[in-house]
Amino acid sequence: KARREHRMEIGMEGPGDFFATSEAYEVVDGDTFRAVIDGEKIRVRIMGINSPESGGYREEEDWGAEAKAYAKRKLEGRTVHLFTDPGDPIYDQYDRLLAHVVMENGMNYAVLAVAEGMAECYILRHQELVIGDTLRKAERLAKAEKRGMWATAALD
């Protein structure tokens, strides 16, 4: 079905083009949640990260439950600002909105989740995400300090 463009001018700096401000009402796992935009329920896939699976459609992976609980604490029931990344599609093959998520405190959720070891940096070869370098740096720090999923992982 055709999607409406949700764009407006606001005085907010985001990692890409502003898409919408919404409430994250249900966390699916550490990198996906549901939101309502203009009365339409949509799934949002957080750009730049991949969290271990928390069960559901796929088998649960180590640290999946912790990553989902972390996302619930940080996102569920809270207002979030969603930004698309220039040059990337707005929706993925599962019709999820691909977005950077900026929390009310101004923090980018992906950077925070990676820095805490709740997600790993996930940037496809064709992507040049506007926060790619920041995500890579956050992951190096999380690994070095053995945070979250890196606490017990055998690192190369």
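These figures come from a predicted structure and were not determined experimentally. (Residues numbered from 1 in each chain as written. Predicted model: local features only at pLDDT ≥ 70, side-chain atom pairs only at ≥ 80, totals over all residues. Heavy atoms only, no water.)

**A word on the sheet that holds strand β5 (residues 78-84)**
- Spatially, β1-β2-β3-β6-β5 is the arrangement adopted by the five strands of the closed barrel, whose pairing is mixed. Averaged over all neighbouring strand pairs, the angle between strand axes comes to 55°, with direction disregarded.
- Strand direction decides the pairing type here: strand β1 (residues 17-29) and strand β2 (residues 32-37), joined by four bridges, are antiparallel. If you follow E26 over to β2, its bridge partner there is R34. (Pairing = 2+ DSSP bridges. Helix = DSSP H or I, 4+ residues; strand = E, 2+ residues; numbered from the N terminus. Axes fitted to C-alpha atoms, helices over the stretch in contact; angles between N-to-C directions.)

**Section: helix α3 (residues 132-144)**
- With 13 residues, α3 should cover 18 Å at 1.5 Å per step; its first-to-last C-alpha distance of 18 Å lies within 8% of that length.
- Within α3, burial applies to G132, L135, A138, E139 and A142. For α3, the angular spread of the buried residues around the axis is 125°, confining them to a single face. Exposed residues pointing more than 90 degrees away from the buried face of α3 are listed as D133, K137, R140 and A144.
- Considering only its buried residues, α3 is in contact with β4 (49-50), α2 (109-115) and β7 (120-121).
- Residue K146 follows α3 closely and has a positive phi angle near 50°. (Expected span 1.5 Å × (residues − 1). Buried < 20%, exposed > 50% of the residue type's maximum accessible area, 1.4 Å probe, protein only. Arc of directions from axis to C-beta. Contact = heavy atoms within 4.5 Å.)

**Quick look at helix α1 (residues 64-75)**
- In this model, α1 (12 residues) spans 16 Å end to end at C-alpha, consistent with the 16 Å of a helix rising 1.5 Å per residue.
- Buried within α1 we find G64, A67, Y70, A71 and L75. In an axial view of α1, the angular spread of the buried residues amounts to 125°, which keeps them on one side of the axis.
- Buried residues along α1 sit in contact with β1, β2, β3 (40-46), β5, β6 (97-103) and α2.
- A positive phi of about 80° marks G77, the residue just after α1.

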